[in-house]
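So the chains spell out like this:
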Amino acid sequence: MGAEFTSLSQGDDGVTVTYAQDGAQRSLTARWMIAADGSRSSVRKALGVKLDDLGFEEPWLVVDAEVEGPVTFPDLTGVPEGADLQRLSVMMCDPNRPATVVPGRRNHRRWEFMLLPHEDDAEMMREENVAALVGAWMKDVPHKVVRAATYRFHGLVAEQWQVGRVFLAGDAAHQTPPFFGQGMCHGLRDVANLAWKMAAIVNDGADEAILTTYQPERDPHVRGVIGAAVAAGRYICELDPARAAQRDASIRAQSAQKAGETAADLIPAISTGFVARGTPAAGQRFIQPILTDGRKLDDLVGQGWRLFVRDGGTDGAVMASDLPDNGAVLNWLVDRNVDAVLVRPDHYVFGTGAAADLLALRDAMLRQKQEIAA
């Protein structure tokens with residue numbers, strides 16, 4: 001904390017980072033560097049990495065408040081029976097001013113208001129303007145605004161995520177409009193992807209070439225989800241009343257044909273990289289069932305590589321029929337007509353098939369140069 005990156009240099013064996021702290025220039029050297037230094041990433045700029053613009057930029061005012069009572073919503077149609085709007089994130093596709101209301105912990109609430117073309121960022125952050133926007137949602141409910149800031153919602157992806165021994169992660173590598181709530185999730189998946197591979201190199205003697213699978217695995221995932229968020233943003237940010245009415249009719253017609261989809265359904269499987277391509281479900285996220293005692297699967301079986309099998313006989317494997325998960329993992333295997341599934345430390349499916357074959361393939365891939373398919 002309190003340190004500012006100034007420069008870096010790298011060689012065959014490591015990266016040296018120079019930084020300013022307490023009025024002095026200091027440096028440290030490590031085997032790799034992960035730059036998770038935000039959307040304005042100084043490291044990305046120092047490396048000369050460009051951003052691919054996915055064609056979305058809209059100014060929004062974000063307001064955090066402490067609210068001592070319920071939020072007041074306008075009359076809404078089509079709300080599912082039993083839905084508690086006080087506990088849900090609600091996107092208001094109002095052409096007069098698109099807005100989002102997000103519940104937080106305890107009495108925290110967040111509002112996001114789209115700024116209109118004639119509005120100035122600084123002017124809209126003035127206390128009286130913030131109070132007018134937020135106050136309409138709370139009527140006589142006591143509340144306190146604790147923060148207000150304007151943001152530019154972007155759809156951007158770095159053209160290069162790895163430069164030598166330096167890796168971009170999080171907002172330094174990609175920025176998404178917030179309409180699916182996946183920004184922080186993207187960053188967590190980035191570092192989970194890197195962490196298990198770096199650990200395998202350091203602790204298990206894996207070939208360092210496995211790190212070249214980072215961008216091929218993550219980039220298509222990020223672009224798929226950001227692309228969907230950008231499309232949703234264009235729906236939400238429509239300011240023309242006539243086009244907004246057409247949008248509303250289209251959404252109602254589409255929703256009548258769908259059931260149960262969530263933002264998670266937009267997340268694509270890993271199609272290339274460190275997976276057993278060609279085996280059923282390879283590259284998909286594995287399930288996380290709730291156990292009969294209320295815990296989750298990971299709480300019982302732990303982290304790292306996990307091998308789940310239908311029948312015994314493989315050392316270190318977890319028998320699916322022994323799990324107190326109401327048959328979730330066993331049914332997963334049966335539905336795909338496979339005997340075993342090997343799950344990576346970042347919770348993606350490495351591959352399915354015969355247990356011994358999966359373990360042998362994994363071990364071989366850990367120790368060989370990677371050939372990444374386009």
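Residues numbered from 1 in each chain as written. Predicted model: local features only at pLDDT ≥ 70, side-chain atom pairs only at ≥ 80, totals over all residues. Heavy atoms only, no water.

Caption draft 1: Main features of the overall build of the protein. When you go through the protein residue by residue, the secondary structure sums to 9 helices and 16 strands. Taking the principal axes of its C-alpha atoms as reference, the protein extends roughly 65 × 60 × 35 Å. Taking the intrachain contacts of the protein between residues at least 6 apart in sequence as the baseline, contacts between residues at least 24 apart amount to 64%. Element-wise, carbon and sulfur atoms account for 50% of the exposed surface of the protein, whose accessible area totals about 19,500 Å². Computed over 38 positive and 50 negative side-chain charges, the separation of the two mean positions in the protein equals 1 Å. (Helix = DSSP H or I, 4+ residues; strand = E, 2+ residues; numbered from the N terminus. Contact = heavy atoms within 4.5 Å. Areas by Shrake-Rupley, 256 points an atom, 1.4 Å probe, with all protein chains shown as cover. Lys, Arg positive; Asp, Glu negative; His and termini not counted. Charge placed at Lys NZ, Arg CZ, Asp CG, Glu CD.)

Caption draft 2: The arrangement of the pairing of strand E7 (residues 99–103) in detail. In terms of strand pairing, strand E6 (residues 90–92) meets E7 through 3 bridges, oriented antiparallel. Residue pairing in the sheet places Met 92 in a bridge with Ala 99 of E7. Adjacent in sequence and paired antiparallel, E6 and E7 are bridged by 6 residues. In the sheet, E7 pairs with strand E8 (residues 108–114) via 5 bridges, with the strands oriented antiparallel. Within the sheet, the bridge partner assigned to Pro 103 lies in E8 and is Arg 109. (Pairing = 2+ DSSP bridges.)

Caption draft 3: Spatial organisation of helix H8 (residues 328–335). Those residues of H8 that fall on the buried side of the exposure criterion are Val 329, Trp 332 and Leu 333. Burial along H8 is one-sided: seen end-on, the buried residues are contained in an arc of 95°. Those residues of H8 hidden inside the fold are in contact with helix H7 (297–301), strand E13 (306–309), strand E15 (340–343) and strand E16 (349–353). One or two positions beyond H8, positive phi appears at Asn 337, with a value near 55°. (Buried < 20%, exposed > 50% of the residue type's maximum accessible area, 1.4 Å probe, protein only. Arc of directions from axis to C-beta.)

Caption draft 4: Seen up close, a nonpolar patch on the surface. Taken together, the side chains of Ile 34, Met 184, Leu 188 and Val 191 define a hydrophobic patch exposed on the protein surface, amounting to about 380 Å² of accessible area. When residues in the nonpolar patch are grouped by element, the largest group, 3 residues, is from helix H4 (residues 183–204). Along the chain, Met 184 falls in helix H4. (Patch = residues over 30% accessible without salt bridge, like charges linked within 9 Å, V, L, I, M, F, W, Y side chains within 5 Å. Salt bridge = Lys/Arg side-chain N within 4 Å of Asp/Glu carboxyl O.)

Caption draft 5: A look at the side chain of Asp 219. By the element assignment, Asp 219 lies in helix H5 (residues 214–236). Among the polar contacts made by the side chain of Asp 219, one reaches the side chain of Trp 161 at a distance of 3.4 Å. At a separation of 2.7 Å, a polar atom in the side chain of Asp 219 contacts the side chain of Arg 223. Aside from chain neighbours lying at most four places away, what touches Asp 219 is Val 157, Ala 158 and Trp 161. (Polar contact = N/O pair within 3.5 Å; in protein donor to acceptor, adjacent residues only side chain to side chain.)

Caption draft 6: Expanded view of the pattern of salt bridges. Per the stated rule, a full pass over the model turns up 20 salt bridges. The partner of Glu 217 in a salt bridge is Lys 197, and the shortest N-O contact between them spans 2.9 Å. Remark: Lys 197 occurs in helix H4 and Glu 217 occurs in helix H5; sequence separation between them is 20 residues. Here Glu 217 falls in the buried class, since its relative accessible area comes to 3%. Note that Arg 247 and Asp 248 form a salt bridge whose closest N and O atoms lie 3.0 Å from each other. Arg 247 sits in the buried class, given a relative accessible area of 6%.

Caption draft 7: Main features of the sheet that holds strand E11 (residues 166–168). The sheet built from 3 strands is open, its strands ordered E4-E11-E10 with mixed pairing. Sheet topology places strand E4 (33–35) and strand E10 (162–163) at the edges, where each strand pairs with a single neighbour.

Caption draft 8: A look at the state of the cysteines. All chains considered together, the criterion is met by 0 disulfides. Cys 93 takes part in no disulfide bond, and the closest cysteine sulfur to it belongs to Cys 237, at a distance of 8.8 Å. On the accessibility criterion, Cys 93 (28% relative accessible area) is partly exposed. (Disulfide = S-S within 2.5 Å.)

Caption draft 9: Focus on unusual backbone geometry. A positive phi is found at Ala 281, a non-glycine position, where the angle reads about 70°. Tracing the chain through its elements places Ala 281 in the loop between helix H6 (241–255) and H7. Among the residues examined, Ala 281 registers a relative accessible area of 12% and is labelled buried.

Caption draft 10: Layout of the sheet that holds E8. The strand order E6-E7-E8-E5-E9-E12 describes an open sheet built from 6 strands, whose pairing is antiparallel. Two strands bound the open sheet, and with one partner strand each, they are E6 and strand E12 (174–175). Pairing of strand E5 (residues 51–67) with strand E9 (residues 143–158), which is carried by 14 bridges, proceeds in the antiparallel orientation. If you follow Val 62 over to E9, its bridge partner there is Ala 149.

Coordinates in, geometry out; function isn't part of it.
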